[in-house]
Amino acid sequence: MKKITLLLFSVLMSGICFAQLKVQHLQTETLNNPISIDARDPGFSWQLADTKRDVMQTAYQIRVSTNSADVQKGKHLVWNTGKVSSDQSLYVIYKGDALKAGQKYFWQVKVWDNSGENSGWSEPASWQMGLLTPADWQAKWITPGYKEDSLEKPSPLFRKEFSVNKKIVSAIAYITAHGLYEARINGHRVGDAYLTPGWTSYNKRLEYQAYDVTGLLHDGANVVGAMLGNGWYRGHVGYDPTPNLYGKDIALLLQLQITYTDGTTANIVSDDSWKSATGDVRNSEIYYGEIIDHRKAQKGWDEAGFNDKKWYGVNVRDFAKDILIATVNEPVKQHEVFKPIKIFRTPKGDQIIDFGQNLVGWVKFKVHGKAGDTIRLSHAEVMDKGGEFYTDNLRTAKSQDIYMLSGEGEETFEPHFTWQGFRFVKVEGYHGKINPDDFTAITLYSDMTPTGTFSCSNTMINQLQHNIQWGQKGNFLDVPTDCPQRDERLGWTGDAQVFSRTASYNMNVKNFFTKWLKDVAADQYTSGAVPHVIPDVIKRKGYEPGGSTGWSDVATIIPWNMYLAYGDKRVLENQYGSMKAWVDYMVHQSKNNLWNTGGHFGDWLFYSVNDDTDGSSAITSKYLIAQCFYAYSTGLLIDAAKVLGKTEDVDHYTKLLADIKDAYMREYVTPNGLISSDTQTAYVLALQFDMLPENLRQQAAARLAANVERYGNHLTTGFLGTPYLCHALSSFGYTDVAYRLLLQETYPSWLYPVKMGATTVWERWDGIRPDGTFETPTMNSFNHYSYGAIGDWMYRVVTGIDTKPDMPGYKNIIIKPHPGGNLSYANADYETPYGKVSSHWKTDSTTFSLDVEIPVNTTATVYVPAKNNSTVLEGGAALANTKAIKPQGMEDGYMAVEVGSGSYHFTSAVVTK
């Protein structure tokens with residue numbers, strides 16, 4: 001009996017242990033069950049969950065099949081890794097049988113941990129291959145069969161009726177366009193993505209989207225169709241808005257692949273059997289808005305039985321298919337909605353709706369009226385000093401949607417192929433009193449998963465964090481735009497690179513930037529210079545605008561930042577040629593390793609003073625900045641070469657880097673360490689990019705701190721100095737100065753716009769001056785994320801969450817908080833590729849406490865501020881060397897402790913200075 005009892009107990013306990021280790025969040029190419037990828041060797045990732053401390057994966061096994069039942073039985077596998085001794089749980093590359101276009105695959109993973117337990121097989125995940133070659137496309141490009149109105153360019157409608165007479169297993173629609181499209185099947189919208197197919201370097205890379213439309217089809221007659229808009233392809237684009245940059249045509253490519261239960265298939269494709277016409281969308285432009293006339297609506301055009309005898313045929317065109325690529329980045333979708341917080345009239349009598357948040361998207365509303373009644377919605381970010389509607393900063397962008405009623409009962413309006421950046425909406429032509437329930441502001445941005453949260457005891461800092469995140473939401477709309485409201489909305493490279501690390505904390509931007517970086521490489525000039533904006537829509541014949549320091553360095557900075565954040569070296573493999581070409585461009589522009597030629601934006605929008613009689617404007621030499629970024633990019637190229645095992649390049653560029661720094665010292669630094677441009681930016685870049693010899697660094701930091709004090713604890717940096725300002729200070733012992741800058745409430749500072757009521761980050765430090773007047777309207781966006789790069793310092797320094805560069809993707813985590821600024825607490829949570837990491841600290845007059853969470857299959861070094869090691873407790877007990885906790889000793893005012901996965905509660909006596 002004893003033996004039976006012991007056996008049952010053993011089985012019970014093993015079951016409990018078995019249940020603790022769990023595999024979850026399986027992803028293919030960092031996507032959840034994607035239905036169209038074109039990577040021939042996709043990467044598999046998963047996360048582990050366990051309630052115990054110090055859990056590490058020691059081995060895994062993956063199996064893949066074309067059938068869900070088979071993969072679970074281990075039968076008919078196209079790949080089986082066997083048990084692989086490895087802690088790798090991210091981006092395990094497929095090495096099985098050749099993958100086939102359109103085929104669906106299922107996979108499972110089982111893992112073992114460092115205590116000998118295994119997880120059992122996970123639930124199956126799946127992925128489906130997309131269309132891999134031009135031959136896989138049976139569809140043909142079609143354009144409208146009627147003669148287009150060259151001025152209005154109404155949105156064309158395309159339709160095709162077909163029959164289904166058998167039971168369907170699956171139906172996948174593959175769609176793209178020249179222009180933007182909205183597809184329809186049997187009266188329903190296809191998918192929930194907007195502004196598709198997105199924006200790429202269209203002549204070289206054009207994305208298609210795949211949709212599972214099985215549920216939209218039925219027995220008998222069916223209809224598939226699409227409406228197109230001008231979009232980026234042929235609409236007015238650029239800061240000198242120009243139409244037809246990619247072509248004058250507007251075209252559709254659609255392939256609907258149906259699989260029946262009897263194993264047969266059918267393809268419904270765009271070809272010469274389709275019909276075309278125009279409908280109620282009479283004009284659409286990204287900058288100018290949309291015109292919709294419900295009197296011209298073709299009711300039921302997307303349903304079977306519609307009479308299309310008066311419709312035109314289509315033209316079949318031989319446009320390129322070898323540039324078509326599957327979409328791996330998250331599409332633009334609708335997100336938060338806002339209702340009016342106030343409806344009022346201006347002194348001039350304009351009727352205004354205030355939605356309370358500067359956002360990006362559009363307004364949807366319902367209305368009754370007579371046929372021909374016209375309602376105009378104009379959009380603005382701010383009201384002027386006199387309380388009037390302000391749109392001067394939109395430049396030529398009308399940002400106005402015009403709607404004409406049919407007079408047939410309640411009507412609902414919203415645009416299709418445009419968007420606006422706004423908080424306030426002026427309503428014209430609306431009869432009667434506005435009912436706030438009838439108007440809704442809908443946000444649009446790429447469907448990136450939120451990953452980071454930050455909060456602290458200072459409400460203004462919390463509002464700053466809110467503004468940073470909303471700046472990212474509004475400007476990460478398929479490409480990282482500079483602003484969402486004026487006649488620009490372009491992928492400015494400098495803006496994107498300075499914000500990229502902050503962006504990776506707030507949201508999962510891995511796929512977003514992977515896609516965009518490929519366009520960076522595609523549009524990079526043969527000289528190696530990178531255009532100012534990507535996609536490059538400002539290049540003209542004989543004019544290649546690019547090569548500006550800090551902007552073209554996007555080619556090196558973002559790939560490295562993405563590698564640090566997500567640990568996927570494929571981004572370095574994909575971008576290495578682009579990185580190297582940019583560094584080589586700088587080599588060719590330099591003489592004796594000194595780069596002092598060419599045009600540069602410099603420290604864009606730095607602090608400057610009108611009628612500057614005493615030299616207070618913080619002007620930093622553009623060539624000094626160029627030399628610093630020359631060194632920085634070269635160093636990043638060396639780092640990438642080391643990761644990729646390119647030893648010859650490591651040796652070559654390491655010597656070059658030493659020469660670049662020598663040239664910098666000779667040209668710009670006196671023997672006692674004074675930099676020729678005595679500005680915050682000059683010292684910040686010198687310190688952050690390691691331009692100075694060891695013996696001159698601390699004095700440079702002292703000069704930087706003194707400069708900050710000289711300006712009354714205000715920053716004077718522009719786009720290129722701001723991201724590194726607080727980092728440079730805290731790295732050299734001036735965290736208190738960094739906090740004073742962060743908490744400064746008067747101009748110029750991060751909190752000045754907050755105090756002025758901002759709900760997003762501004763382009764200029766003083767977009768609205770203290771007296772309520774505006775900066776120059778030609779460049780004064782109130783939704784511009786660049787200065788929001790301070791968010792990186794808040795995550796990495798205030799709460800101390802970082803990753804070790806030699807163990808990227810937060811495989812080996814650093815938690816090193818820097819309390820200060822009279823904050824009583826600061827909390828940050830961040831979803832790493834391995835799971836959630838947390839750093840929550842609080843302090844009072846006697847005790848500092850730190851709550852830490854470390855995800856499974858990672859380790860961390862936690863730095864607890866302490867007087868000495870004897871004052872540090874974990875879980876209320878003195879630190880002891882255990883499997884999960886390994887004290888390392890005191891380091892510069894911190895007790896360093898190595899820990900495994902799990903949750904920890906540290907306390908220490910408050911350190912007083």
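Residues numbered from 1 in each chain as written. Predicted model: local features only at pLDDT ≥ 70, side-chain atom pairs only at ≥ 80, totals over all residues. Heavy atoms only, no water.

*Asks:* Which residues make up the overall build of the protein chain, and what are the values?
*Replies:* Broken down by element type, the protein chain carries 16 helices and 46 strands. For the protein chain, the C-alpha radius of gyration of 29 Å lies close to 29 Å, the compact-globule estimate for 913 residues. Projecting the C-alpha coordinates of the protein chain onto the three principal axes gives extents of approximately 95 × 85 × 60 Å. Contacts in the protein chain between residues at least 24 apart in sequence constitute 74% of all its contacts with a sequence separation of at least 6. With an accessible surface of roughly 34800 Å², the protein chain has 49% of that area assigned to carbon and sulfur atoms. Put simply, the protein chain has 88 plus and 99 minus side-chain charges, and the middle of one group is 4 Å from the middle of the other. (Helix = DSSP H or I, 4+ residues; strand = E, 2+ residues; numbered from the N terminus. Rg over C-alpha atoms; globule rule 2.2 N^0.38 Å. Contact = heavy atoms within 4.5 Å. Areas by Shrake-Rupley, 256 points an atom, 1.4 Å probe, with all protein chains shown as cover. Lys, Arg positive; Asp, Glu negative; His and termini not counted. Charge placed at Lys NZ, Arg CZ, Asp CG, Glu CD.)

*Asks:* Just give me the short version of the packing of aromatic side chains, but keep the residues and values in it.
*Replies:* Aromatic ring pairs are described here by two measures, namely the spacing of the ring centres and the angle between the planes. By the definition in use, this model includes 69 aromatic pairs. With a centroid separation of 5.7 Å and an interplanar angle of 70°, the aromatic rings of tyrosine 194 and tryptophan 362 are classed as edge-to-face. Note that tyrosine 194 is positioned in the loop between β13 (188–189) and β14 (206–212) and tryptophan 362 in strand β25 (residues 351–367), a separation of 168 residues in sequence. Residue tyrosine 194 is classed as buried on the basis of its relative accessible area, which comes to 13%. The exposure class assigned to tryptophan 362 is buried, which follows from its relative accessible area of 0%. Between tryptophan 560 and tyrosine 563, the aromatic rings sit 5.1 Å apart at their centres with planes inclined by 45°, giving tilted as the arrangement. Residue tryptophan 560 and its partner tyrosine 563 are both found in helix α7 (residues 554–566); the two are separated by three residues, about one turn of the helix. Taken together, the ring pairs in this structure connect Phe44, Trp46, Tyr60, Trp79, Tyr94, Tyr105, Trp107 and Trp127 into an aromatic cluster. The ring of tryptophan 470 carries lysine 473 above its face, with NZ or CZ at 4.2 Å from the centroid. Here lysine 816 stacks its cationic end above the ring of tyrosine 894, 5.0 Å away from the centre of that ring. (Phe/Tyr/Trp six-rings, centres within 6.5 Å; stacked < 30°, edge-to-face > 60°. Buried < 20%, exposed > 50% of the residue type's maximum accessible area, 1.4 Å probe, protein only. Lys NZ or Arg CZ within 6 Å of the ring centre and 35° of its normal.)

*Asks:* Got a sec to walk through helix α12 (residues 694–710)? Specific residues and values, please.
*Replies:* A rise of 1.5 Å per residue sets the reference length of α12, with its 17 residues, at 24 Å; its end C-alpha atoms lie 25 Å apart and thus fit the reference within 8%. The complete set of buried residues in α12 reads Leu696, Ala700, Ala701, Leu704, Ala705, Asn707 and Val708. At its buried positions, α12 is contacted by α10 (647–668), α11 (680–688), α13 (722–731) and α14 (735–743). Where α12 terminates, the next one or two residues include glycine 712, which has phi positive at roughly 70°. (Expected span 1.5 Å × (residues − 1).)

*Asks:* Explain the pattern of salt bridges residue by residue, including any values.
*Replies:* Under the counting rule described, the total for this entry stands at 44 salt bridges. Between lysine 515 and aspartate 478 there is a salt bridge whose closest N-O contact spans 2.8 Å. Taken together, the residues lysine 515 in helix α6 (residues 510–523) and aspartate 478 in the loop between β34 (476–477) and β35 (479–480) connect sequence positions 37 residues apart. On the basis of relative accessibility, which here comes to 1%, the residue lysine 515 falls in the buried class. Accessibility expressed as a relative area gives 4% for aspartate 478, which makes it buried. (Salt bridge = Lys/Arg side-chain N within 4 Å of Asp/Glu carboxyl O.)

*Asks:* So, the sheet that holds strand β2 (residues 43–49): which residues are in play, and what are the values?
*Replies:* In a beta sheet, neighbouring strands are held together by backbone hydrogen bonds and run either parallel or antiparallel to one another. Here three strands make up an open sheet; going across it, the order is β1-β2-β6 and the pairing antiparallel. The open sheet has two edge strands, β1 (22–28) and β6 (92–93), and neither has a second partner. The pairing of β2 with β6 spans two bridges and is antiparallel. Of the residues in β6, the one forming a bridge with phenylalanine 44 is valine 92. (Pairing = 2+ DSSP bridges.)

*Asks:* Now, about the packing of α13 against helix α16 (residues 790–798): what can you tell me, with residues and values included?
*Replies:* For the pair α13 and α16, the least separation of the axes is 8 Å and the interaxial angle reads 35°. Counting all contacts with α13, which are made through Cys726, His727 and Ser730, the residues of α16 involved are Ile790, Asp792, Trp793, Arg796 and Val797. The residue inventory of the contact of α13 with α16, partitioned by class, reads four nonpolar, two polar and two charged. (Axes fitted to C-alpha atoms, helices over the stretch in contact; angles between N-to-C directions. Nonpolar A, V, L, I, M, F, W, Y, C, P; charged D, E, K, R; others polar.)

*Asks:* Run through the side chain of asparagine 230, naming residues and quoting values.
*Replies:* Examined against the element boundaries, asparagine 230 turns out to sit in the loop between β15 (220–229) and α3 (231–234). Given the relative accessible area of 3%, asparagine 230 is considered buried. A distance of 2.7 Å separates a polar atom in the side chain of asparagine 230 from a polar atom in the side chain of arginine 234. Side-chain polar atoms of asparagine 230 contact the backbone oxygen of serine 284, separated by 3.0 Å. Contacts of asparagine 230, omitting those with residues within four sequence positions, involve Lys153, Gly179, Gly235, Ile250, Ser284 and Glu285. (Polar contact = N/O pair within 3.5 Å; in protein donor to acceptor, adjacent residues only side chain to side chain.)

*Asks:* How would you summarise the pairing of strand β17 (residues 265–269) if you had to cite specific residues and measurements?
*Replies:* Sheet faces and side chains relate simply in a regular strand, where the side chains alternate between the two faces. One ladder, built from five bridges, connects strand β16 (residues 251–260) with β17; its direction is antiparallel. Across the sheet, the residue bridging to glutamine 257 is asparagine 267, located in β17. The turn joining β16 and β17, which pair antiparallel and follow one another in sequence, is formed by four residues; a positive phi near 90° is taken by glycine 263.

*Asks:* Please give an account of the sheet that holds β13 that cites residues and values.
*Replies:* Read across the open sheet, the five strands follow the order β13-β12-β15-β10-β18; overall the sheet is antiparallel. The open sheet has two edge strands, β13 and β18 (275–278), and neither has a second partner. Here four bridges tie strand β10 (residues 156–164) to β18, and the two strands are oriented antiparallel to one another. Paired with leucine 157 across the two strands is alanine 277, which belongs to β18.

*Asks:* If you had to explain the packing of α6 against α7 to someone new, which residues and values would you point to?
*Replies:* The description of two packed helices rests on the angle between their axes and on the distance between the axes. Here α6 crosses α7 at 155°, and the two axes come no closer than 11 Å. If you check the angle between α6 and α7, you find them roughly antiparallel. In this structure, α6 crosses over α7, and the sense of that crossing is left-handed. Facing Lys510, Phe513, Trp516, Leu517 and Val520 of α6, the residues of α7 in contact are Val554, Ile558, Pro559, Met562 and Tyr566. (Parallel < 35°, antiparallel > 145°, perpendicular 65-115°, else oblique. Left-handed = near helix turned anticlockwise from the far one by under 90°.)

*Asks:* Outline the side chain of arginine 159, listing residues and values.
*Replies:* Structurally, arginine 159 is set in strand β10. Relative accessible area serves as the criterion here: at 2%, arginine 159 is assigned to the buried category. In this structure the side chain of arginine 159 is engaged in a polar contact, spanning 2.9 Å, whose partner is the backbone oxygen of glutamate 303. Dropping the residues within four chain positions of it, arginine 159 is found in contact with Val223, Val224, Gly225, Trp274, Lys275, Trp301, Glu303, Phe306, Asp308 and Trp311.

*Asks:* Before we move on, can you summarise the environment of tyrosine 795 with the specific residues and values?
*Replies:* By secondary structure assignment, the location of tyrosine 795 is in helix α16. What makes tyrosine 795 buried here is its relative accessible area of 0%. In this structure, the C-alpha to C-alpha distance between tyrosine 795 and threonine 453, residues 342 residues apart in sequence, is 8.8 Å. Apart from residues no more than four positions distant in its own chain, tyrosine 795 is found in contact with Gly452, Thr453, Phe454, Gln465, Gln469, Tyr505, Asn506, Gly800, Ile801 and Ala828. In this structure the side chain of tyrosine 795 is engaged in a polar contact, spanning 3.4 Å, whose partner is the backbone oxygen of glycine 452.

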